Amino acid sequence: MTAVYKPGDTVERSGIYRVIHDRNHASPHEVTCVYGKQFPPCNHCGGHPRFELVRAAQHIEHNDHFKK
Ligand SMILES: [Zn+2]
């Protein structure tokens, strides 16, 4: 079961997400999203995009070995 997020939701896990837009204007693609931020609206299809976690990877600034 894949968790799916929408614009305005808070990013719960940093990592690579697949973005699904209104299919009339953009093909699915991948982006990196960082823990604690909000998934943003698309400049073209507003609140339509859905974000699916492809691969979680902790942001280095949040990692115990590297955070200050
Ligand atoms: Zn869009």
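Conventions used here
- Residues numbered from 1 in each chain as written.
- Predicted model: local features only at pLDDT ≥ 70, side-chain atom pairs only at ≥ 80, totals over all residues.
- Helix = DSSP H or I, 4+ residues; strand = E, 2+ residues; numbered from the N terminus.
- Contact = placed C-beta atoms within 7 Å.
- Pairing = 2+ DSSP bridges.

### Thoughts on the environment of E30
So, step 1. Among the structural elements, E30 can be located in strand β3 (residues 29-33).
So, step 2. Linking E30 and E12, residues 18 residues apart in sequence, is a C-alpha distance of 17 Å.
So, step 3. Excluding its chain neighbours within four sequence positions, the residues that come into contact with E30 are I16, Y17, R18 and V54.

### Details of the pairing of strand β4 (residues 50-56)
So, step 1. Relative to β4, strand β1 (residues 4-5) is paired through 2 bridges, and the arrangement is antiparallel. Pairing of V4 across the sheet is with E52, part of β4.
So, step 2. As judged from the 6 bridges shared by strand β2 (residues 15-20) and β4, these two strands associate in the antiparallel manner. In the sheet register, I16 faces β4, and the bridge partner there is R55.

### Description of the environment of G15
So, step 1. Tracing the backbone shows G15 in strand β2.
So, step 2. The spatial distance from the C-alpha of G15 to the C-alpha of V34 is 6.6 Å, given a sequence separation of 19 residues.
So, step 3. G15 has contacts with C33, L53, R55, A56 and A57, leaving out every residue within four places of it along the chain.

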